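A structural walkthrough
The lines below spell out each chain.
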Amino acid sequence: MQIPFLDLSLQNDRLKMEYMEALGDVLNESNYILGERVAMFEHACCDYFGSKYSIGVANGMDAILLSLKAAGIGPGDEVIVPAHTYIATWLAVTHAGAKIVPVEPDTETFNIDAKKIEQAITKNTKAIIPVHLYGNPCDMVSIMAIANAFNLIVIEDNAQAQGADIGGKKTGTFGHFGATSLYPGKNLGALGDAGIVLTQQKTYNTSLRKLRNYGSDIKYYNDIIGYNSRLDELQAAFLSIKIKKLDEWNSERVVMASKYTLLLEKVEAIKFQRVMTNHKCVFHILCIVAEDRNALMSRLKDNGIGTLMHYPVPPHLQNVYMPLNFKRGSFPNSEKIANSCLSLPLYPGLSDDQLSFVADIIKKHYTIR
């Protein structure tokens, strides 16, 4: 049995006829940049997420960067970020010219530890970027309380959590900004690169629309130093189709994660990410931490099962951030997760037989070793 880590064809093949119709519509309209299709998708995002405004951008990192710029954050400012996250979160802060201040993850939820945020705040702190890692919501109630107490901007990195919620309120709508990647592998993924920013504030909406389009909202008239970061019409058309399926696909992911948990509950050598009470995780990634992770990964590969590590090298140990002078051991929780994390196949269309086969190989591995 061959089980790839991710097979997007299982989703996209179901929608191929709708995609082709959307492509025909875009070709017939001959309007490819910031047209009706982008506006339609932005409205659909407002309705789905419960946001007053949504702004389509080119990708997820730009979504964070433009949010930082719209908030006026730059050189001399400090931004609190998770020590355990994909590097795009850090890179956006660097591109804005601000200083990165990493905070360790909670070893149970794998998300930024809200209890450790306050001790990282200084007089120069201007923002917090919580990341809803693997589709699991952060402790936004605590984070927003801290942000309000210290008058800080909150930019939720919602790239892996489209559709997740806390008490029925969607992630991406707690903070001042919800920055979302729509990369193909995301729960809501384009057929190329794409992103969206959610906000409830009119002034941020106005700034973001200028920032994504060369600093202009009237053609050939430029008010601020902007970027070329526009969601294109074709991707918006595809995404407008896919957003209608998001809840259905997320429900499939939740059921699969529950089955994995049940099948592997007696395997003491692995541990699943903890989801907080009243939090709905949408399992963009089913990440476990496992003893002798590399050997398990090899065993799964030998049996035709694809896996990945999210993420094997923490940002503070990447070559690009050597100038920050972090060392091995600077963030032990993050390093511990990096050294033991393993992501299992989980995506809409994965069969029960395939899922059971993965679980059986894991159980045999820890029985045989």
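Quick note: structure is the one above.
Residues numbered from 1 in each chain as written. Predicted model: local features only at pLDDT ≥ 70, side-chain atom pairs only at ≥ 80, totals over all residues. Heavy atoms only, no water.

So, the overall build of the chain
Looking only at helices and strands, the chain has 12 helices and 13 strands in total. Computed over its C-alpha atoms, the radius of gyration of the chain comes to 21 Å, within 12% of the 21 Å expected for a compact globule of 369 residues. Along the three orthogonal principal directions, the C-alpha set of the chain runs to about 70 × 55 × 40 Å. The long-range share in the chain, meaning contacts at least 24 apart out of those at least 6 apart in sequence, stands at 70%. If you sum the accessible surface of the chain, you get close to 15800 Å²; carbon and sulfur atoms cover 53% of it. Charged side chains of the chain number 37 positive and 38 negative; the gap between the two group centres comes to 4 Å. (Helix = DSSP H or I, 4+ residues; strand = E, 2+ residues; numbered from the N terminus. Rg over C-alpha atoms; globule rule 2.2 N^0.38 Å. Contact = heavy atoms within 4.5 Å. Areas by Shrake-Rupley, 256 points an atom, 1.4 Å probe, with all protein chains shown as cover. Lys, Arg positive; Asp, Glu negative; His and termini not counted. Charge placed at Lys NZ, Arg CZ, Asp CG, Glu CD.)

Focus: the environment of Arg-212
Positionally, Arg-212 belongs in the loop between helix 7 (202–211) and helix 8 (233–242). With 80 residues separating them in the primary sequence, Arg-212 and His-132 have C-alpha atoms 24 Å apart. Apart from the residues within four sequence positions on either side, Arg-212 is in contact with Leu-34, Val-38, Glu-42, Ile-55, Gly-56, Val-57, Leu-66, Tyr-227, Asn-228, Ser-229 and Arg-230.

Re the nonpolar core
Leu-68, Val-79, Val-93, Ile-129 and Phe-177 are the most contacted members of the largest nonpolar core, which has 30 residues in total. At the level of secondary structure, the elements contributing two or more residues to this core comprise strand 1 (53–57), helix 4 (60–70), strand 2 (78–82), helix 5 (88–96), strand 5 (153–157), strand 8 (177–181) and helix 7. The element contributing the most residues to this core is helix 4, with six residues. For Ile-129, the residues in contact, after removing those within four places along its chain, are Ile-64, Leu-68, Val-79, Ile-80, Val-81, Pro-82, Thr-89, Val-93, Ile-155 and Asp-157. With 28 residues, the next largest nonpolar core counts Leu-296, Ile-305, Leu-346 and Leu-355 among its residues. (Core = buried A, V, L, I, M, F, W, Y, C linked by side-chain atoms within 4.5 Å. Buried < 20%, exposed > 50% of the residue type's maximum accessible area, 1.4 Å probe, protein only.)

Re the packing of helix 4 against helix 5
Packing of helix 4 against helix 5 brings their axes to within 9 Å, and their N-to-C directions diverge by 40 degrees. Judged by the angle between their axes, helix 4 and helix 5 are oblique. Remark: the crossing between helix 4 and helix 5 carries right-handed chirality. On helix 5, the residues touching Met-61, Ile-64, Leu-65, Leu-68 and Lys-69 of helix 4 are Ala-88, Thr-89, Leu-91, Ala-92, Val-93, His-95 and Ala-96. (Axes fitted to C-alpha atoms, helices over the stretch in contact; angles between N-to-C directions. Parallel < 35°, antiparallel > 145°, perpendicular 65-115°, else oblique. Left-handed = near helix turned anticlockwise from the far one by under 90°.)

Quick notes on helix 5
Every buried residue belonging to helix 5 is among Ala-88, Thr-89, Trp-90, Ala-92, Val-93 and Ala-96, and all of these are buried. Tucked inside the fold, the buried residues of helix 5 contact helix 4, strand 2, strand 3 (99–103) and strand 5. Two residues or fewer past helix 5, Gly-97 is found with a positive phi of approximately 90 degrees.

Thoughts on the sheet that holds strand 12 (residues 286–290)
Ordered in space as 10-12-13, the three strands form an open sheet in which the pairing is antiparallel. The open sheet has two edge strands, strand 10 (270–272) and strand 13 (341–344), and neither has a second partner. When the angles between neighbouring strand axes are averaged without regard to direction, this sheet yields 35 degrees. Here helix 10 (residues 293–302) sits on the sheet in contact with strand 12 and strand 13, set at roughly 25 degrees to strand 13. (Pairing = 2+ DSSP bridges.)

Limitation: the analysis is restricted to geometry and does not speak to function.
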